[in-house]
Amino acid sequence: MKFDVPYVRRQFPALERTVDGHVAAYFDSPGGTQVPQRVVDAVSDYLLCHNSNSHGFFATTIETDHILADARDALADFLGCDWDEVAFGANTTTLNFLLAHSLVRDLREGDEIVLTEIDHEANRGPWISLQDRGVVLREVPVDPATCTLDWDAFAELVSERTRIVACVWASNAVGTINDVARVVELARSVGAVTVIDAVHYALHGVIDVGALGCDFLLCSAYKFFAPHVGVLYARREAAELVRPLRLRTQLRETPFKFETGTLNHEGIAGAAAAVDFIADLGRHHQRRVAADPELGPRLEGLEGRRRQIVAGMLAAEAHEQPLARRLIEGLRDISGVTVYGPPDGHPRTSTVAFTVQGMRPEEVCRRLGDQGLFLWDGHFYAIRLVERLGLMDEGGLVRAGLAPYTTAAEVERLLDTVRRLAAPPPVDARRRAAPRATGG
C-alpha cells in the first residue's frame, strides 16, 4: 500500500530542524513522538481562548467542559470504548500507581499478582510496591535469546490465588508484541483483573479494548503525537468495583473518580487533536487501505471517526513495517552490530534495538546525534529486560524507533552512519594506537 509520507511530513514543523547542517532525523519516537501543527494549535487555542478550571457558569469554564468532553469522545474512539470509560492523568506511571494502591484495598495478605520480565517499570513498579502490604508477586520470565515471554511459565504462574495480571502489550525496548488476548484469557480463567500497558503499542497497532476484554489499559498520549497526558481505560463493570484513593471533594462517578486534582486541560485538548490527526491519516489513505486485501477486511463494520482512526493506524504500520525490516536486515549485515528483539515472523513494532561492539550505547547515540540522527540509549525503563539481556553494565541498548514521518532515505542514512561507526580503524591507525612492547 502506497503511503503518502510527504503529506505527513508537511504537518510536522520539527522536521525542518537541522544540526550542524544535517537535517534532523527523529528515530526517538518510542520516547515520545513529534507533534503535528494541529496539536500545537489546539494547545495554543485552549490557553489563549478557553483557559479556565472546570464546572463553572461562565464562558471559558463552560468551553473547558466541552473541550474535555470532546477529548473523552476522541480517546474513546481511539481505544474502542465509551466516553465514561476514559480517565486522564499526568502519565501512565502516575495513573498505574493510583490504580495499584486502590486495588490493594480489596486484596488480602497472600493474594498474588502476576507480572512479567519484559514489562516497562510503569507496569511493574506500582505492583512491586504492594509487597509491603503482604501481596505476593509472581514474575513471568523472558527468554533473553528471543526477547519473548515463556508462555508455559505464564500459564503455570496464574492460579486460583492470582488476583491481578499485569502485562505490556508491546516492549518499548525491543519491539516484541505480546499476545495480550492470551493474557486476558488466562486471567479470566481464574477471575483475575487484567492491567495492560499499551504505552508503546498505541503508536503501532489498533487498540480495541472491547474486543480484547481487558479490565484496565493504560497509555500515554505523548507517544502518539500529543502532549504529556496519561490515559486510563477502565472497563465500566470493573471500574465500579474499585475504591480509588480520592479526596472527599472528588466526584464519585467513573471515570472522574480516577482523576485527581485539576487536569492538564491544554494537554488533553492536544490529545484530542492528535487523535484527529490519526483520523485524518485514515481519511487520506482510506481508499488505499480498503482496497488492500489484508488491511481492508479490518475496516468492515466500522463507521465514523473510529473507522478513520483504524484506517490511519493500519496505513501507518503498513508504511513502517517494511522500513523496520530493512533497518533490521541492514544492521545485521554490519560486522560488530548485534540486533535484539523477537525472531523473524514474530509480531513486533517498528522499534529496533541494537549494540555496536566496542562502543557504549551512549557514545553511539552521541556520535549519531552529532550527525542529526536522534536515537535513545539505555534501558528505557524496561530495566528488568535489559538486566536479563546482561547489558546493564555495558550501558544497555541503542534504540531506533520509526514513525509515520520516517522515510526510507532516513533509514539508509542511519545504516550508513552506523556502518562507519562500526568499521575498524585503518591498519596504520591501529598500529599507531597499539601499545609498545617492553622487556624482552
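Parameters at a glance
Residues numbered from 1 in each chain as written. Predicted model: local features only at pLDDT ≥ 70, side-chain atom pairs only at ≥ 80, totals over all residues. Heavy atoms only, no water. Phe/Tyr/Trp six-rings, centres within 6.5 Å; stacked < 30°, edge-to-face > 60°. Helix = DSSP H or I, 4+ residues; strand = E, 2+ residues; numbered from the N terminus. Buried < 20%, exposed > 50% of the residue type's maximum accessible area, 1.4 Å probe, protein only. pLDDT = per-residue confidence, 0-100. Contact = heavy atoms within 4.5 Å. Axes fitted to C-alpha atoms, helices over the stretch in contact; angles between N-to-C directions. Parallel < 35°, antiparallel > 145°, perpendicular 65-115°, else oblique. Left-handed = near helix turned anticlockwise from the far one by under 90°.

Draft legend 1. Molecular detail of the packing of aromatic side chains. Within this structure, the stated rule accounts for 9 aromatic pairs. Residues F12 and F225 carry aromatic rings whose centres are separated by 6.0 Å and whose planes lie at 65° to one another, so their mutual orientation is edge-to-face. With F12 in the loop between α1 (5-9) and β1 (18-19) and F225 in the loop between β11 (216-220) and β12 (230-234), the pair connects residues that are 213 residues apart, well separated along the chain. Given a relative accessible area of 1%, F12 falls into the buried group. For F225, a relative accessible area of 2% corresponds to the buried category. When the centroid spacing of 5.1 Å and the interplanar angle of 85° are considered together, the rings of Y26 and F374 count as edge-to-face. A residue pair is termed long-range when its members are at least 10 positions apart, and Y26 in strand β3 (residues 25-26) and F374 in strand β15 (residues 373-374) qualify at 348 residues. For Y26, a relative accessible area of 7% gives the class buried. Pairwise contacts between aromatic rings join F12, F225, F277 and Y405 into one cluster.

Draft legend 2. Structural context of the confidence of the model for the protein. Taken residue by residue, the protein gives an average pLDDT of 95. The fraction at 70 or more is 97%. Note that residues 432-440 has pLDDT below 50 and, in this model, 0 contacts with residues that lie over four places away or in other chains.

Draft legend 3. Local environment of the packing of helix α3 (residues 59-79) against helix α11 (residues 304-332). Direction vectors running N to C along α3 and α11 enclose 55°, while the axes themselves pass 8 Å from each other. By the criterion of interaxial angle, the relationship of α3 to α11 is oblique. For α3 against α11, the interelement crossing comes out right-handed. Contacts between α3 and α11 involve D70, D73, A74, D77, F78 and L79 from the first element and R305, R306, I309 and M313 from the second.

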